[in-house]
Amino acid sequence: MHDVVIVGSGPTGLVLAGELRLAGVDAVVLERRESQELAGSRGGGIHSRTIELLDQRGIAERFLAEGKTLQTASFGSTQLDLGSLPTRHPYTLALFQNHIEQLLLEWVEELDVKIRRGVEVTGVSADDGGVDVQLASGGPVRARYLVGADGGRSVVRRSAGIPMVGPDATRSSLIAEVKVAGEPVQQGKVDARGIHGLYPMGDGVVRVVVTEASLGPAKEPTLEDLRQALADVFGTDFGVHSPIWLSRFTNATRQAETYRKGRVLLAGDAAHVHSPTGGLGIGLGVQDAVNLGWKLGQVVRGISGEDLLDTYHAERHPAGERALKYTMAQSLFQKADPRQEALRDLLDEVLRVDGAGAPIAGLVTGLDVAYPLGTGHPLLGRRMPDLDIMGADGPARVYELLHQARPILLEFGGAALDVRAWAARVRHVAATYDGAWQLPVLGRVAAPTAALVRPDGYVAWVGEGTADGLAGALETWCGGAGR
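1. Considering the overall build of the protein
Phase 1: When helices and strands are counted, the protein shows 11 helices and 29 strands.
Phase 2: For a compact globule of 483 residues, the expected C-alpha radius of gyration is about 23 Å, and the protein comes in at 23 Å, within 12% of that figure.
Phase 3: Dimensions along the principal axes, computed over C-alpha positions, put the protein at roughly 75 × 60 × 40 Å.
Phase 4: When the 483 residues of the protein are sorted by exposure, 54% land in the buried category.
Phase 5: Here the contacts in the protein between residues at least 6 apart in sequence split such that 69% fall between residues at least 24 apart.
Phase 6: A total accessible area of about 20100 Å² is found for the protein, and carbon and sulfur atoms account for 49% of it.

2. Concerning the packing of helix α8 (residues 307-331) against helix α10 (residues 358-365)
Phase 1: Running from amino to carboxyl end, α8 crosses α10 at an angle of 115°, the nearest separation of the two axes being 10 Å. What the angle tells us is that α8 and α10 run roughly perpendicular. For the crossing formed where α8 meets α10, the hand is left-handed. Here α8 contributes Arg 322, Ala 323 and Tyr 326 to the contact with α10, which in turn contributes Pro 359, Ile 360, Leu 363 and Val 364.
Phase 2: Taken together, the residues that form the contact of α8 with α10 break down as six nonpolar, no polar and one charged.

3. A closer look at the packing of aromatic side chains
Phase 1: Under the criterion given, the structure shown has eight aromatic pairs.
Phase 2: Note on Phe 75 and Phe 333: the rings are 5.9 Å apart at their centroids and 90° apart in plane angle, and the pair reads as edge-to-face. Of this pair, Phe 75 sits in strand β5 (residues 72-75) while Phe 333 sits in the loop between α8 and α9 (338-351), and the two are 258 residues apart along the sequence.
Phase 3: Classification of Phe 333 by relative accessible area gives buried; the value is 12%.
Phase 4: Between Tyr 433 and Trp 437, the ring centres sit 5.8 Å apart and the planes meet at 90°, which makes this aromatic pair edge-to-face.
Phase 5: On the basis of relative accessibility, which here comes to 23%, the residue Tyr 433 falls in the partly exposed class.

4. Concerning empty space enclosed by the protein
Phase 1: This model, assessed by the stated rule, comprises three cavities of 30 Å³ or more.
Phase 2: Its volume calculated, the largest cavity comes out at about 50 Å³.
Phase 3: Taken together, Val 15, Glu 19, Leu 53, Leu 54, Arg 57, Ile 59, Trp 107, Val 286 and Val 290 make up the full set of residues lining the largest cavity.
Phase 4: At the level of secondary structure, the elements contributing two or more residues to the lining of the largest cavity comprise α1 (11-22), α2 (48-56) and α7 (281-300).

5. Here we look at the sheet that holds strand β21 (residues 272-273)
Backbone hydrogen bonds are what pair the strands of a sheet, in a parallel or an antiparallel way.
Phase 1: Here three strands make up an open sheet; going across it, the order is β12-β18-β21 and the pairing antiparallel. The sheet terminates laterally at β12 (164-165) and β21, the two strands that pair on one side only.
Phase 2: For strand β18 (residues 254-256) and β21, the ladder comprises two bridges, and the chain directions are antiparallel. For Arg 254, the partnering residue across the bridge sits in β21 and is Val 273.
Phase 3: This element, α8, spans β18 and β21 of the sheet and lies at about 175° to β18.

6. What to know about the packing of α1 against α7
Phase 1: The interhelical angle for the contact between α1 and α7, taken along N-to-C directions, is 25°, at an axis separation of 8 Å. The angle between α1 and α7 falls in the class roughly parallel. Classified by chirality, the crossing of α7 by α1 is right-handed. Residues Pro 11, Thr 12, Val 15, Leu 16, Glu 19 and Leu 20 of α1 form the contact with α7, whose own contacting residues are Ile 282, Gly 285, Val 286, Ala 289, Val 290, Leu 292, Gly 293, Leu 296 and Gly 297.
Phase 2: Classifying every residue of the contact of α1 with α7 by side-chain character gives 10 nonpolar, four polar and one charged.

7. With respect to the layout of surface pockets
Phase 1: There is about 330 Å³ of room inside the second largest pocket.
Phase 2: As for the second largest pocket, its lining consists of 20 residues, of which Asp 81, Ser 84, Gly 355, Gly 357 and Ala 358 are closest to the centre.
Phase 3: Among the residues forming the lining of the second largest pocket, the class breakdown is 11 nonpolar, seven polar and two charged.

8. What to know about α10
Within an α-helix, residues lying three or four positions from one another point in the same direction, as the helix has 3.6 residues per turn.
Phase 1: In terms of burial, α10 is a largely internal element, six of the eight residues being buried.
Phase 2: Turning to α10, its buried residues number three or more, namely Ile 360, Ala 361, Gly 362, Leu 363, Val 364 and Thr 365.
Phase 3: On the buried face of α10, the contacting elements are α2, β5, β6 (78-81), α8 and α9.

9. Examining the environment of Arg 352
Phase 1: With respect to the element layout, Arg 352 can be found in the loop between α9 and α10.
Phase 2: Counting along the chain gives 274 residues from Arg 352 to Thr 78, while the straight-line C-alpha distance between them is 7.5 Å.
Phase 3: Only 2.9 Å separates the side chain of Arg 352 from the side chain of Asp 348, close enough to count as a polar contact.

10. Section: unusual backbone geometry
Generally, phi is negative for residues other than glycine and the peptide bonds are trans, each holding for most cases.
Phase 1: Backbone geometry places Asp 203, a non-glycine residue, at a positive phi of 55°.
Phase 2: Mapped onto the fold, Asp 203 is located in the loop between β15 (195-202) and β16 (205-211).
Phase 3: According to the relative accessible area criterion, Asp 203 is exposed, its value standing at 77%.
Phase 4: Its identity as a non-glycine residue notwithstanding, Val 441 has a phi of 70°, on the positive side.
Phase 5: If you trace the backbone, Val 441 turns up in the loop between β26 (437-439) and β27 (443-445).

11. Some details on the side chain of Thr 365
Phase 1: Within the element layout of this structure, Thr 365 appears in helix α10.
Phase 2: Accessibility expressed as a relative area gives 1% for Thr 365, which makes it buried.
Phase 3: A distance of 3.3 Å separates a polar atom in the side chain of Thr 365 from the backbone oxygen of Gly 362.
Phase 4: If we skip the residues at most four places from it in the chain, Thr 365 touches His 47, Ser 48, Arg 49, Leu 82 and Leu 85.

12. Describing the sheet that holds β15
Phase 1: The strand order β14-β15-β16-β13-β17 describes an open sheet built from five strands, whose pairing is antiparallel. Among the strands making up the open sheet, the edge pair consists of β14 (187-190) and β17 (241-250). If you compare each strand with its neighbour and ignore which way they point, the axes differ by 15° on average.
Phase 2: Of the pairings in the sheet, the one linking β15 to β16 comprises six bridges and is antiparallel in character. For His 196, the partnering residue across the bridge sits in β16 and is Val 210.

Conventions adopted
- Residues numbered from 1 in each chain as written.
- Predicted model: local features only at pLDDT ≥ 70, side-chain atom pairs only at ≥ 80, totals over all residues.
- Heavy atoms only, no water.
- Helix = DSSP H or I, 4+ residues; strand = E, 2+ residues; numbered from the N terminus.
- Rg over C-alpha atoms; globule rule 2.2 N^0.38 Å.
- Buried < 20%, exposed > 50% of the residue type's maximum accessible area, 1.4 Å probe, protein only.
- Contact = heavy atoms within 4.5 Å.
- Areas by Shrake-Rupley, 256 points an atom, 1.4 Å probe, with all protein chains shown as cover.
- Axes fitted to C-alpha atoms, helices over the stretch in contact; angles between N-to-C directions.
- Parallel < 35°, antiparallel > 145°, perpendicular 65-115°, else oblique.
- Left-handed = near helix turned anticlockwise from the far one by under 90°.
- Nonpolar A, V, L, I, M, F, W, Y, C, P; charged D, E, K, R; others polar.
- Phe/Tyr/Trp six-rings, centres within 6.5 Å; stacked < 30°, edge-to-face > 60°.
- 1 Å grid on protein atoms, 1.4 Å probe; cavity = no way out; pocket = protein on both sides within 12 Å on 5 of 7 lines; lining within 4 Å.
- Points joined across faces, edges and corners; volume = space filled by probe spheres on them.
- Pairing = 2+ DSSP bridges.
- Polar contact = N/O pair within 3.5 Å; in protein donor to acceptor, adjacent residues only side chain to side chain.

The quantities given are spatial measurements derived from coordinates; they are silent on function.
Next up, the structure:
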């Protein structure tokens, strides 16, 4: 029996597998595809907080070397400046999913993660002792815990009986990478139906996005569907042929009612589906995985009780819900409609006022996430800034200290903190830092004397001159003393 089975080797599944491996857990990934190769480049783009998470594991530079950074994001027609955000990565990274998956695969292979390919999961059944994963051939595979990272049509979610709730689709679009007759030329149009465009990608390949006249059926589209939609909008189908990839997406926005049902958990698109506008999908899945991985690792290893897994839903469900609100709001502006254009123009006037766009920029980038860890210092429940600190071994960045996904107690002076009972699990670092403490959206905050940083980079306890509350925080997030 495996400790954990992960279904799906997309970005979410790969990151979760890496996190569990760092936690010392026996996890295996089951993937239907025979290889990591994707047909077409698919979606793309990751934002600041996701890049920070990769930085926390020491692999961000691999992604930055392959993509292009953009210091703006949009809401309606307003361009939001990301360049002034208090992060080392104040930008969006334009990088398609096929490249992201290959880079993540390299990382998990270095960690010796087990991936079984060509395996189709058909159902799951859980009992008090574990979960049986039914396969189309062979099996079943048994695990103590199962994580469905198998996309918006998740077999794991459906088999576990976890409902998805939210608004149904009102329109659908076709997206494809194809060749066209003649020289590819960029085209773009917005009408009452939606947005449409052709974008040359090189080597004669064109990426096409076209909104359909009516809501399309829940099945894979054909090349003829694409030709008809293009002809309706542009008066020509551009002679599209030789499709590399062709798919349909909608503006349906749904979220799993719960991210955990006993021994079955959901992450990524299996837990939330939404319009691809804004490019939030990959980042949301990565953030789910990093939140869940260390918690599941501690539970499997007996360091923490199962109630730690309940904090996964408690933290990530509201964060996902907030991001989904952005995608719904943004998708309103993706068609020509006088009423919606009036709203867009008024929003633009508001957001152009100094600082008014900061909350939206924080939302899009994921830097505004604040987990409900109680009241107190503004840092509590938010991501730890990547400070340049001076420690006993010389200068260091905070995120460098998180490469092994272990919790850190950073002490900047004040009361001497005694964490010897947790020494095997918590890294205690005495450091100095003389700069300002700047948090996204909130701005400058008072400097703490200490901070307990979880493996996912979020602050679980803040010291303000005393050790009050530290033992309780260590018990909650790092397990019982001496375990």
